[in-house]
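# Observations on chain architecture
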Amino acid sequence: MSTLAINGILEKITGKDKDYRYMATSDLLNELSKDTFKADNELEGKVTYVVLQQLDDVAGDVSGLAVKCLVPLVKKVSEDRVVEMTSTLCNRLLNGKEQRRDIVNIALKTIISEITSPIVAQRVVATLCPLFIQGITSVDTTTEIKCDCLDILCDVLHRFGNLMTANHQILLNSLLSQLNSTQASIRKKSVACLASLASSLSDDLLGKATVQVVQLLQRKSTKPDMIRTNIQMIGAFSRAVGYRFGPHLNETVPLLISYCRNASEADEELREYSLQALESFVLRCARDVAVYCDVILELALDYISYDPNYTDNMEEDTEDSNGEEEDEESANEYSDDEDISWKVRRAAARCLSAVITSRPEMLLKLYEEACPRLIERFKEREENVKMDVFNAFIELLRQTGNVTKGSGDARHSSPLLMLKQEVPKIVKSLNRQLKEKSVKTKVGAFSVLKELVVVLPDCLADHIGSLVPGIEKALNDNSSNSNLKIEALVFTRLVMASHSSFVFHPYIKALSGPVLSAASDRYYKVTAEALRVCGELVKSIRPQFSTPPVFDFQPYVHPIYSTILMRLANQDQDQEVKECAISCMGLVISTFGDNLQVELPACLPLLVDRMGNEITRLTAVKAFAVIAGSPLRIDLTCVLEHVFAELTTFLRKANRALRQASLGTLNCLVVAYGDKIRSSTFEAIITELPTLISDADLHMTALALELCCTMMYDQKRHRNVGTVVRNRVLPQALVLVRSSLLQGQALQALQSFFAALVKSANTSFDALLDSLLSSAKPSPQSGGLAKQALYSIAQCVAVLCLAAGDAKCASTVQMLTNILKDNSSANSARHHLALLCLGEIGRRRDLSQHANIEGIVIESFQSPFEEIKSAASYALGNIAVGNLSKYLPFILNQIDNQQKKQYLLLHSLKEVIARQAVDKSGQVDLQDAYVEKILNLLFNHCESDEEGVRNVVAECLGKIALIEPEKLVPELRERTLSPSAFTRATMVIAVKYTFVERPEKIDQVIQPVIASFLMLIRDDDRHVRRAAVSALSTAAHNKPNLIKGLLPELLPLLYDQTVVKQELIRTVDLGPFKHTVDDGLELRKAAFECMDTLLDSCLDQIDPSSFIIPYLQSGLNDHYDVKMPCHLILSKLADKCPSAVLAVLDSLVEPLEKTINHRPKQDAVKQEVDRNEDMIRSTLRAIVSLNRISGGECSARFKMLMDSIKKSSHLADKYSAVRHESDTVVTSDAMDIS
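Since we're looking at a predicted model, the values are computed, not measured.

### A look at the confidence of the model for the chain
- Here the chain averages 87 in pLDDT, and 93% of its residues register 70 or above.
- In the predicted structure, residues 314-334 sits below a pLDDT of 50 and forms 24 contacts with residues beyond four places in sequence or in another chain.
- For residues 1227-1234, every residue scores under 50 in pLDDT, and the model assigns this stretch one contact once sequence neighbours within four places are set aside.

Here is the structure:
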């Protein structure tokens, strides 16, 4: 718009008519908001003047619009105008009319919030600061003006405190002087201002301010009001500066505890403020507060039941004898509006919650002292406090879940065991709460029960009967709101899913009615949750398909079916309800189908119809998989062909989840109804499968191959299936087998595929074998195959031979031995593959009928090619597995007599021992005859100069220890005292191989002596230390209960291994240049990786604060290989111990900032550039985790780091991508938990 037109608007704004002024101001706002608005100096002056004038307009809506005009105006006018505006408004605030002060306050705050340029901010701050100081300290200033000045100054300090360094001293003095004001409102706003200022103060000024406040508190003559203000000030300082307040805790904590204990009975606020300050210490100064945690816990537990005006001696004994009504009356009979003791109890509950969330290492003490007290306080009469008590107990349960996750800890003093002992009291107390009138109380009670079931599944089996009335009441009572119903339903679903079905049989009648009623609720979230509960109800009603049934389920079949059908048939409802109805109907049909034969023809077409809807098709596909898996063999004749046709077309869809579900459902349907399907339908399915078989998606590949095998299983009815598979799928399978990525379930499925194909009609074994062997030939384009691909081909050949029968197997072995005898092929992939095939066949079948096969294989040890020697070693070991009595003595004899071949022969021996340790049936053969000889041989080689030999020896010793622990563990322990460092290291690595995931008899044998091995972490030799760290890491991952008791001793030693040691750094002279070698790098990396594992399995034994500074901080400044695990650890700590990280967040910013801003040299090779990019992404993942911590914005340095990332074009996109990836993972984890 032209300048002339804007001048026209400005003229209208000054008119007398209120409506004209409003519309003109609105027009001006629209013009200012346009990107095209530009003004010269004269127009700027006019617009600024008019907007400031409009702030004084008598019409409130006009002045309100004028404030909105300031938002775009600040960004469109020059710096001088912004400074002029703020100065004018500040003068109006200090000297203007009282009735216009509120709008001026809002206008100033608006301008301050919209300033983004540091240069403008610097000038505005320089203008405002002296004026505000004058307004705050002047004797003539009224209380209201002082409050407004403090209010705006708080915003200025929060945004631009770091730009006001020159004024920090005078600001601090001015604000501290206001703490002595007689006006409570001034003191309160001064506290907020000082807290905003504190985050940008130097340590020196912060110390001076704290000392001054503490000195005021130490004076006996200080008035109670001033004491309360100063305590609030200390808490505010702590919340604002975090760990920087730690050095002052020695003076403040005893003082606050003393005030809390000795306050007069009427001074509840003093106790409340003291507890709030202590809570902030626990959360924000995690490291320095550690020594005071016990006394703070004791104080919080004392005051959580502080209620001097109310006694309740009868509550423990009254139970339910006087009826529900009387209980409710007695719970609410006391009421006093002037009683504020509840604030003390609330502060104590929150303080206790802070201790629980920030000190996982105190978990056992918390169960001994806090758990019983919290359960007792469930009876709290003030609802707000009760919610905090519930929340504290929920935090205790969550911390228990974090600490014991995956450990299965069942020690005498374990948190889980102690929690289990408290379950009867918890249920008894919560049952009382479920009888209360308050909906909020009942929601809180169900939240506690829900968390209890998550942490301790199957703990309520003996208490279901007492909980059912509470669930019924929550679902049936007219006073219940949707939140209560949802909480009750979620708890019911969780408890039914985690307990045996038989526990619920006496209560099915009581539960089914309310649940089915809830399924018809008008609110979709209640309906969806009720349908999920219906699914669990169906599983409980008929857990087994025995005759006669263990429970009379028939009365419930039709009511459940009718309710679900009503929801299934209704199209006009939320997607979540539709999906839940489909899933539930699938369960109903699969469980009660034999009682619903009349209804199925009407219901099944509805499910098929939902398969045609893009929104519900995935859920419907999964529902048919459930139906197909039913042992009742549900009659699907009316829809079967249609279902197969739909599923076949789904295999072409882009939706990966839909393709996977369709393959799984097709497999189930073929197993159950294959005899009713035409061959043409099978052929249509097979035609779609080749495109799904690829190493780009191995899970999909496995499902497709399993479906192929299922279809080939019944050859009598579908003779041509094998032919179609051979023509369509086999070529793709032969491409897949060459992949270096092939492994796990996909490799197993591929082996089954070849076994099924060779048994099918019209498929030649010789042709299949030839195809497999030919696939190993190097191609002109890609060259030779990867080692993994050759192993895959060999396994497929072995399975193919065994499936084809003994004669074919024998002829194949003969053919393979002939290849080995042919000297001309010594360097070929064919020779390599032949050895691997013989090993795989020999492992599965005794090859002793083939004369001198061991001699033929061992000849390949002479090959000049390492891969062939390795394959020969592998083959010999696996052939020995097939017949121990013949081939093991041969290997042992060769090890004794063939010094040059020892390394390869030891690998063969390792194959034998490893297979025996896994295969229980073969252990007896190995124990009796050969263990002694093998041990002597291995112990003789544990001092070998070759690291490869020592590692093989260690693995063999570890696997034998699993077989004969009583014999071997004492011998391993004895050798940890050997003068040879190589021997000590080998013994520790051997023990590492005994820490397998499954329970073993060695666990009881090794537990008393495990310290002898792990304490070698303080050995003089770095190789031994690294071996001990590696063993500790494996134990922490697989058997954490074995090491938990040793961690107080081991952790300081482990921390020491994370430090850079100058004596391990050496310089190598390479002629024209020198190269620095850090021999301690691998040890530091291993130590941090071990800490990462310990945080998962032994969190309750670790004090994160003592690890983060200085050890993790040092690791974040270390080498690339060390930084990567440190970033993972930091992310984990941010999630599990946020308060400990928050306390030292400022210290962690520098190494993170340095890493993300590092740039490789101009002449850096591509590998270095890629490594640097990986490092930046790793750092950004850690920063994303830190940014999720509540309260992180209080760290000025972290806030500046986040601002710099968002402003950097190089980093902003990467950060967004990493955050999106992280959010996706968090969301999927949350869905898994729910």
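Back to the write-up after that little detour.
### A short note on the pattern of salt bridges
- Throughout the structure, instances matching the rule amount to 68 salt bridges.
- A salt bridge links Asp56 to Arg92, with the nearest nitrogen and oxygen atoms 3.2 Å apart. Of the two residues, Asp56 sits in the loop between helix H3 (41-54) and helix H4 (60-76) while Arg92 sits in helix H5 (residues 79-95), which places them 36 residues apart along the sequence.
- Of the charged contacts in the structure, one is a salt bridge between Glu298 and Arg261, with a shortest N-O distance of 4.0 Å. Of this pair, Glu298 sits in helix H15 (residues 293-303) while Arg261 sits in helix H13 (residues 249-262), placing them 37 residues apart in sequence.
- Residue Glu298 is classed as partly exposed on the basis of its relative accessible area of 43%.
- A relative accessible area of 34% means that Arg261 is categorised as partly exposed.
- A single salt-bridge network, built from bridges that share partners, covers Asp307, Arg345, Arg377, Glu380 and Arg381.

### Some details on the side chain of Arg101
- Inspection of the secondary structure assignment puts Arg101 in helix H6 (residues 101-114).
- If near-sequence neighbours (up to four positions away) are discounted, Arg101 is found in contact with Leu93, Glu144, Ile145 and Asp148.

### Examining a nonpolar patch on the surface
- Together, Tyr20, Tyr22 and Met23 make up an exposed nonpolar region whose accessible area comes to about 330 Å².
- Looking at the element boundaries, Tyr22 is found in helix H2 (residues 18-33).
- What makes Tyr22 partly exposed here is its relative accessible area of 34%.

### As for the environment of His1075
- Along the polypeptide, His1075 turns up in strand E2 (residues 1074-1078).
- Excluding residues that lie within four positions of it along the chain, His1075 makes contacts with Arg1066, Thr1067, Val1068 and Leu1070.

### Remarks on the pairing of strand E1 (residues 1065-1069)
- Sheet analysis places E1 next to E2, joined by five bridges and oriented antiparallel. Pairing of Thr1067 across the sheet is with Thr1076, part of E2.
- Between E1 and E2, which follow one another and run antiparallel, lie four residues, and Gly1071 among them has a positive phi close to 85 degrees.

### Some points on the packing of aromatic side chains
- If you walk through the whole model with that rule in mind, you get 13 aromatic pairs.
- Arranged with centres 6.0 Å apart and planes meeting at 15 degrees, the rings of Phe551 and Tyr556 form a pair that is stacked. Comparing Phe551 with Tyr556, the two get one shared label, buried.
- Measuring from centroid to centroid gives 6.3 Å for Phe1088 and Phe1107, while their planes differ by 55 degrees, and the two rings are tilted. Of the two residues, Phe1088 sits in helix H55 (residues 1081-1097) while Phe1107 sits in helix H56 (residues 1104-1116), which places them 19 residues apart along the sequence.
- Among the aromatic residues, those joined into a ring-pair cluster are Tyr1055, Phe1088, Phe1107 and Tyr1111.
- Seen from the ring of Tyr993, Lys992 lies directly overhead, with NZ or CZ sitting 5.4 Å from the centre.
- Arg1171 extends its terminal NZ or CZ atom over the ring of Tyr1120, reaching a point 3.9 Å from the ring centre.

### Let's talk about unusual backbone geometry
- Following Ile1109, the chain continues into Pro1110 via a peptide bond in cis, with omega recorded as 10 degrees.
- Mapped onto the elements of the fold, Pro1110 is located in helix H56.
- Positive phi, normally seen in glycine, also occurs at Asp458, with a value near 65 degrees.
- Here Asp458 lies in the loop between helix H22 (439-455) and helix H23 (464-476).
- With a phi angle near 50 degrees, Arg633 is a residue other than glycine that sits in the positive phi range.
- By the element assignment, Arg633 lies in the loop between helix H30 (617-628) and helix H31 (640-650).

### Remarks on the packing of helix H47 (residues 947-963) against helix H48 (residues 965-975)
- Interhelical geometry of H47 versus H48 gives an angle of 140 degrees and a closest axis separation of 6 Å. The angle between H47 and H48 places the two elements in the oblique class. Residues Leu957, Ile960, Ala961, Leu962 and Ile963 of H47 form the contact with H48, whose own contacting residues are Pro965, Leu968 and Leu972.
- Residue classes in the contact of H47 with H48 are distributed as eight nonpolar, no polar and no charged.

Parameters at a glance
Residues numbered from 1 in each chain as written. Predicted model: local features only at pLDDT ≥ 70, side-chain atom pairs only at ≥ 80, totals over all residues. Heavy atoms only, no water. pLDDT = per-residue confidence, 0-100. Contact = heavy atoms within 4.5 Å. Salt bridge = Lys/Arg side-chain N within 4 Å of Asp/Glu carboxyl O. Helix = DSSP H or I, 4+ residues; strand = E, 2+ residues; numbered from the N terminus. Buried < 20%, exposed > 50% of the residue type's maximum accessible area, 1.4 Å probe, protein only. Patch = residues over 30% accessible without salt bridge, like charges linked within 9 Å, V, L, I, M, F, W, Y side chains within 5 Å. Areas by Shrake-Rupley, 256 points an atom, 1.4 Å probe, with all protein chains shown as cover. Pairing = 2+ DSSP bridges. Phe/Tyr/Trp six-rings, centres within 6.5 Å; stacked < 30°, edge-to-face > 60°. Lys NZ or Arg CZ within 6 Å of the ring centre and 35° of its normal. Axes fitted to C-alpha atoms, helices over the stretch in contact; angles between N-to-C directions. Parallel < 35°, antiparallel > 145°, perpendicular 65-115°, else oblique. Nonpolar A, V, L, I, M, F, W, Y, C, P; charged D, E, K, R; others polar.

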